[in-house]
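If you want the building blocks of each chain, they are given just below.
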Amino acid sequence: MSEYGFDGIDVDWEYPVSGGLGSNTVRPEDKQNYTLLLQAFRDELDARGDYLLTIAAPAGPSTIENFEVAELGDILDWANLMSYDLHGGWDTTTGFHAPLYAASDSSFSAEASLNVDAAVQTWLSEGMPADKL
């Protein structure tokens, strides 16, 4: 990071507690381990100077619940919301890939929570400061 003049680190762990390759080991304690990892990065970055710490953050409700959002709000400079994969090949029918709001005529039962607005509201209600999302 220092050698190449980067301004910080962006972490993309998809996803603590769930997700990734089928061969990955997923563990419930990774919810806390993720927070501890980011705190270790924050401590080291702060010791080295003025560096950014950011994450690629999930938009789906089943993955957001595996993050200690309020604690992350204290650690991170910001979270980049990955709102581009709310529907995909795992669905049996085609849906909007990254809907801003729920479609009123959607055939998806979870449509109310699978949109950008719902994701933003969830992160905010869980304690992420608005200026960091």
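Visitor: What is the right way to look at the pairing of strand β1 (residues 8-11) in this model?
Guide: Regular strands place their side chains on alternate faces of the sheet. Here β1 pairs with strand β2 (residues 52-58) via four bridges, running parallel. Among the inter-strand pairings, I9 is bridged to a residue of β2, identified as L53. In this view, the connection linking β1 to its parallel neighbour β2 by way of helix α1 (residues 30-48) has right-handed handedness.

Visitor: Looking at this structure, how should I read the nonpolar core?
Guide: Nonpolar side chains in soluble globular proteins generally cluster together in the buried interior. Core analysis: the biggest nonpolar cluster contains 20 residues, and L38, I55, L72, L76 and W123 have the highest contact counts within it. Elements represented by at least two residues in this core include exactly α1, β2, α3 (69-75) and β3 (78-82). Per element, the largest residue contribution to this core is four residues, and it comes from β2. When near neighbours in sequence (up to four residues on either side) are disregarded, I55 contacts D10, V11, Y34, L38, L72, L76, W78, A79, N80 and W123.

Rules behind the numbers
- Residues numbered from 1 in each chain as written.
- Predicted model: local features only at pLDDT ≥ 70, side-chain atom pairs only at ≥ 80, totals over all residues.
- Heavy atoms only, no water.
- Pairing = 2+ DSSP bridges.
- Helix = DSSP H or I, 4+ residues; strand = E, 2+ residues; numbered from the N terminus.
- Right-handed = clockwise from strand over helix to strand, strands pointing away.
- Core = buried A, V, L, I, M, F, W, Y, C linked by side-chain atoms within 4.5 Å.
- Buried < 20%, exposed > 50% of the residue type's maximum accessible area, 1.4 Å probe, protein only.
- Contact = heavy atoms within 4.5 Å.

Fair warning: the whole summary comes from geometry, so function is off the table for now.
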